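Inside the fold
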Amino acid sequence: MACKYVLVCQNADCQSRGSGELLEQLTDKLKADADLEVKPYMCFGGCQAGPNIVLYPQKVWYSGVKQADVDEIAAHAEGGAPVERLTHGVEQPLKDLIYQLLDAGLF
């Protein structure tokens with residue numbers, strides 16, 4: 001079982017901005033890492049800032065993700081540095097709520 005997750009929002013707003021392709025690209029890039037699992041997530045609630053991707057249990061939220069960001073996010077998921085420029089699009093109270101849901105196993 002994977003111990004780290006890359007959760008990619010797949011709700012309508014994020015999908016309209018390319019989250020389906022982001023999910024496919026990240027799945028392909030990270031498939032060889034047995035400690036990581038890339039999974040779709042129904043909705044994080046940060047629709048205005050999407051596409052949204054959350055690394056868990058690291059609790060790093062990426063917003064406004066583009067295909068050009070995939071390599072850097074994949075590198076972070078594998079232990080590299082966070083992609084700071086993508087971490088500021090969503091307010092902290094929403095992040096905290098989603099992290100509580102994830103801590104409760106709702107993913």
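This section reports on the structure supplied with the text. (Residues numbered from 1 in each chain as written. Predicted model: local features only at pLDDT ≥ 70, side-chain atom pairs only at ≥ 80, totals over all residues. Heavy atoms only, no water.)

Considerations on the packing of helix α2 (residues 19–30) against helix α3 (residues 70–77)
One can describe the packing of α2 onto α3 by two numbers: an axis separation of 10 Å at closest approach and a directional angle of 45°. Taken as axis vectors, α2 and α3 run oblique relative to one another. As α2 packs across α3, the resulting crossing turns out to be right-handed. Across the interface between the two elements, Leu22, Gln25, Leu26, Lys29 and Leu30 from α2 touch Val70, Asp71, Ile73, Ala74 and Ala77 from α3. Grouping the amino acids of the contact of α2 with α3 by side-chain chemistry returns 7 nonpolar, 1 polar and 2 charged. (Axes fitted to C-alpha atoms, helices over the stretch in contact; angles between N-to-C directions. Helix = DSSP H or I, 4+ residues; strand = E, 2+ residues; numbered from the N terminus. Parallel < 35°, antiparallel > 145°, perpendicular 65-115°, else oblique. Left-handed = near helix turned anticlockwise from the far one by under 90°. Contact = heavy atoms within 4.5 Å. Nonpolar A, V, L, I, M, F, W, Y, C, P; charged D, E, K, R; others polar.)

Remarks on the nonpolar core
If you look at the biggest cluster of nonpolar residues, it comprises 19 residues, and the most contacted ones within it are Val6, Leu26, Ile53, Tyr62 and Ile73. Mapped by element, the contributors of at least two residues to this core are β1 (4–9), α2, β2 (36–41), β3 (53–56), β4 (60–62) and α3. Those residues in contact with Leu26 that lie beyond four places of it in its chain are Val6, Val8, Val38, Ile53, Val70, Ile73 and Ala74. Residues Tyr5, Tyr41, Phe44 and Ile98 belong to the second largest nonpolar core, which totals 14 residues. (Core = buried A, V, L, I, M, F, W, Y, C linked by side-chain atoms within 4.5 Å. Buried < 20%, exposed > 50% of the residue type's maximum accessible area, 1.4 Å probe, protein only.)

Considering the pairing of β3
Look at any regular strand and the pattern is simple: side chains alternate between the two faces of the sheet. What you see with β3 is no split at all: Ile53 and Leu55 on one side and Val54 and Tyr56 on the other are buried throughout. Of the pairings in the sheet, the one linking β3 to β4 comprises 3 bridges and is antiparallel in character. Note on β4: the bridge partner recorded for Ile53 is Tyr62. The antiparallel hairpin formed by β3 and β4 contains 3 residues in its connecting segment, where Lys59 sits at a positive phi of about 60°. (Pairing = 2+ DSSP bridges.)

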